[in-house]
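Observations on the model geometry
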Amino acid sequence: MAKVLCVLYDDPKGGHPTSYARDTVPRIDRYPGGQLAPTPHGTDFTPGHLLGSVSGELGLRAFLESRGHTLVVTSDKDGAGCAFDRELVDADVVISQPFWPAYLTAERIAAAKNLKLAITAGIGSDHVDLDAAITHGVTVAEVTYSNSISVAEHIVMMTLALVRDYLPAHRTALDGGWDIADCVARSYDLEGMHVGTVAAGRIGLAVLRRLAPFDVTLHYTDRHRLPAETEKELGLVFHPTTADMVPHCDVVTINAPLHPETEGLFNDELLALMRRGAYLINTARARIVDRQAVVRALETGQLAGYAGDVWYPQPAPADHPWRTMPHHGMTPHISGSTLSAQTRYAAGTREILESWLDGTPIRDEYLIAGHGGLAGAGAHSYAIGTKA
Ligand code: NDP
C-alpha cells in the first residue's frame, strides 16, 4: 500500500468555504490543439470547489483510502523539522503545487528512500531537482495544459493593467479621490504597441491569440518555430533569441520553463536592450529574471512596469523587494489556481495516480522525467540540470 504525501496551501483565513460565488464552472473536455482534458475513472469532488488548500485535499482522500492507501496532507513544508520532512522519509508519492511548492531538493530526494513518484498538481516541475529525481528513479509528472489558459488570461489582465496603469486608479477610487490627472499621467492604450513572448508554448501561444484582436504587432522567440500557417494567421514576427526580440517590444511576457537555459535570463544587460518604458510580465518563474535588476530597471524608468505572480522563494518573505518596488502589479502565485483550474488539475492528479497505482502508463504529455531521463513533455521543454 502506498503512502501519498500531499503538500497544499493553507485554507482561507475564514475557514474552508461553505458557499461559493458561482454555482458551476464551465466544463472543458479538450484543450486548444485537441489534447484531452483529464480523464480519471472517477472524481470525488464538486467542480468549482476549493480543492488546492489543505481541507480540499485535491479531492483525493476517499479514492486513496478506499483502496487502502494512506494520504497525508500538510502545508508545513519549510524549515527544520517541518511536517513535510518528517513525512517524506517513508512516502511513496509526493504531490505539490507550484503555488506552494514543496522543494524536492537532491538532499530530500536522497532521504526519501521509498519515493517513486512526484506529481505537480499544475504545471512547472522546477521545484523538483530533476537530475536527482532521474538518478534515484523517481518519476516526475505534471498536469500539462490544466492551467495554461488560466495563466494566459492572467497575462492579458496584467498587460492591460500595466499599460493603462489600472491599479493606482483603482486605489484612488478606494481612497475616495477623483484625481484624474494623477490617474492618467502614466496611462496608455495597448493598441499599436509591439508585444513579444519569450516562448510560444501552450501559454505563450494562447497569449498571442488573445492579444491579436487588440491590433498590436506580435513577436515571439522559442527553441522551435511555430507552424508557418500559425505565424501567418497571427502575423507573428519570429526572433531567434530573446536578445534579438526585446528591442522591438513595448510589452514582453515570459512563458518559458525555468531550466538552465532560462535561469537569470533577464539580467541588467538584457533589460538594457529593452525599449525605455517597456513593460515586463513574468508568470513563468521568478528565477528567470534577476530580482535586483528588475528593481533597478523600475527605479530608473527603463521598465515602466513589472507584473507577475511568481516569486522566489515561495511564499515570498514580507521584506521581498518586489512588494515595494515602484510601478508593479504583482500578485501572490495565483494565476494557475483559479477554481476552474483546480477542477482540472485535481482531476489530472487523480488520473496520474490511477495510472501509477494500476501499473498502466502515465500519459506521455504528463511525463517530465522517467525511464532514466527526461521524458514526454519534459524531454521537449526542459533541459537537464534543473535544480530545486
Ligand atoms: P509549454 O511546455 O507548453 O511551453 C513552454 C515553451 O517554452 C515551449 O515552447 C519551449 O520550447 C519553450 N522554451 C523552453 N526553453 C526555452 C528557451 N530557452 N527559450 C525560448 N523558449 C524556450 O508550457 P506552458 O506554456 O504550459 O507553461 C510554461 C511555463 O509557465 C511553465 O513551465 C511554468 O513555469 C509556467 N507556469 C506558470 C503558472 C502560474 O501559475 N504562474 C502555471 C502554469 C505554468 P520548445 O518546446 O519549442 O522546445
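Shown above is the structure to which this text applies.
Here is a short report on the structure shown in this document. (Residues numbered from 1 in each chain as written. Predicted model: local features only at pLDDT ≥ 70, side-chain atom pairs only at ≥ 80, totals over all residues. Heavy atoms only, no water.)

**Some words on the environment of His-136**
- Structurally, His-136 is set in the loop between α4 (130–135) and β5 (139–142).
- It is 8.4 Å that separates the C-alpha atoms of His-136 and Lys-116, two residues lying 20 residues apart in sequence.
- Not counting chain neighbours up to four residues away, the residues in contact with His-136 comprise Ile-109 and Ala-110. (Helix = DSSP H or I, 4+ residues; strand = E, 2+ residues; numbered from the N terminus. Contact = heavy atoms within 4.5 Å.)

**As for the site of the ligand**
- Taken together, 28 residues are adjacent to the ligand, and Arg-202, Ile-203, Asp-222, His-224 and His-380 come closest.
- Within the side chain of Glu-261, one N or O atom sits 2.9 Å away from a nitrogen atom of the ligand.
- A distance of 3.0 Å is found between an oxygen atom of the ligand and a side-chain nitrogen or oxygen belonging to His-333.
- For the ligand, the protein covers 93% of the area, taking 920 Å² as the surface of the free molecule.
- For the shell around the ligand, a count of residues per class yields 9 nonpolar, 13 polar and 6 charged. (Near = heavy atom within 4 Å. Polar contact = N/O pair within 3.5 Å; in protein donor to acceptor, adjacent residues only side chain to side chain. Areas by Shrake-Rupley, 256 points an atom, 1.4 Å probe, with all protein chains shown as cover. Nonpolar A, V, L, I, M, F, W, Y, C, P; charged D, E, K, R; others polar.)

**Observations concerning helix α12 (residues 291–300)**
- Within α12 the residues assigned to the buried category are Ala-293, Val-294, Val-295, Ala-297 and Leu-298.
- On its buried side, α12 packs onto α11 (268–273) and β11 (303–308).
- Of the residues that open α12, the one with a side-chain oxygen 3.1 Å from the backbone nitrogen of Gln-292 is Asp-290.
- A positive phi of about 90° marks Gly-301, the residue just after α12. (Buried < 20%, exposed > 50% of the residue type's maximum accessible area, 1.4 Å probe, protein only.)

**Quick look at the sheet that holds β11**
- Read from one edge to the other, the open sheet built from 6 strands follows the order β8-β7-β6-β9-β10-β11, with strand pairing classed as parallel. With one partner strand each, in any of the chains shown, β8 (237–238) and β11 form the two edges of the open sheet.
- Bridge count between strand β9 (residues 251–254) and strand β10 (residues 278–282): 4 bridges; the pairing is parallel. Counterpart to Thr-253 in the pairing with β10 is Ile-281. (Pairing = 2+ DSSP bridges.)

**Overview of the pairing of strand β1 (residues 3–7)**
- For β1, a buried count of 5 out of 5 residues is recorded, marking the element as mostly surrounded by other parts of the structure.
- Burial of β1 is two-sided: the residues Lys-3, Leu-5 and Val-7 facing one way and the residues Val-4 and Cys-6 facing the other way are all buried.
- Sheet topology note: the β1/strand β2 (residues 70–74) ladder contains 5 bridges and is parallel. In the sheet register, Val-4 faces β2, and the bridge partner there is Leu-71.
- With helix α1 (residues 61–66) bridging β1 and the parallel β2, this β-α-β connection has right-handed handedness. (Right-handed = clockwise from strand over helix to strand, strands pointing away.)

**What to know about the state of the cysteines**
- One pass over the full model with this rule turns up 0 disulfides.
- Here Cys-6 stays unpaired: no disulfide links it, and the sulfur of Cys-82, its closest cysteine neighbor, is 15 Å away.
- Since its relative accessible area comes to 0%, Cys-6 is described here as buried. (Disulfide = S-S within 2.5 Å.)

**Comments concerning the pattern of salt bridges**
- In the structure shown here, the tally under the stated rule is 21 salt bridges.
- With a closest N to O distance of 2.8 Å, Asp-29 and Arg-27 form a salt bridge.
- Residues joined by salt bridges that share partners form a network here, namely Lys-3, Glu-87 and Asp-90. (Salt bridge = Lys/Arg side-chain N within 4 Å of Asp/Glu carboxyl O.)

**Concerning the packing of aromatic side chains**
- Following the criterion strictly, the structure yields 6 aromatic pairs and no others.
- Taken together, a centroid distance of 6.0 Å and an interplanar angle of 70° make the contact between Tyr-103 and Tyr-312 edge-to-face. Here Tyr-103, found in the loop between β3 (93–96) and α3 (106–111), pairs with Tyr-312, found in the loop between β11 and α13 (339–358); they are 209 residues apart in sequence, far enough to count as distant.
- Between Trp-311 and Trp-322, the ring centres sit 6.2 Å apart and the planes meet at 50°, which makes this aromatic pair tilted. Here Trp-311, found in the loop between β11 and α13, pairs with Trp-322, found in the loop between β11 and α13; they are 11 residues apart in sequence, far enough to count as distant. For the pair Trp-311 and Trp-322, one class covers both residues: buried.
- In this structure an aromatic cluster arises from ring pairing among Tyr-306, Trp-311 and Trp-322.
- Against the face of Tyr-312 rests Arg-287, its NZ or CZ located 4.5 Å from the ring centre. (Phe/Tyr/Trp six-rings, centres within 6.5 Å; stacked < 30°, edge-to-face > 60°. Lys NZ or Arg CZ within 6 Å of the ring centre and 35° of its normal.)

**Describing the sheet that holds strand β4 (residues 117–120)**
- With mixed pairing, 7 strands are arranged side by side in an open sheet as β2-β1-β3-β4-β5-β12-β13. Each edge of the open sheet is held by one strand with a lone partner, namely β2 and β13 (373–374).
- Of the pairings in the sheet, the one linking β4 to β5 comprises 4 bridges and is parallel in character. Bridge pairing in β5 places Thr-120 opposite Glu-142.
- Packing of α13 onto the sheet brings it into contact with β3, β4 and β5, and relative to β4 it is tilted by some 160°. (Axes fitted to C-alpha atoms, helices over the stretch in contact; angles between N-to-C directions.)

**Focus on the nonpolar core**
- Residues Leu-58, Phe-84, Ile-95 and Leu-104 are the most contacted members of the largest nonpolar core, which totals 57 residues.
- Top contributing element to this core by residue count: α13, with 6 residues.
- Dropping the residues within four chain positions of it, Leu-58 is found in contact with Cys-6, Leu-8, Phe-45, Leu-51, Gly-52, Ile-95, Gln-97, Ala-121, Tyr-345, Ala-346 and Thr-349.
- The next biggest cluster of nonpolar side chains, apart from the first, holds 32 residues, and it includes Leu-162, Leu-205, Tyr-220 and Leu-226. (Core = buried A, V, L, I, M, F, W, Y, C linked by side-chain atoms within 4.5 Å.)

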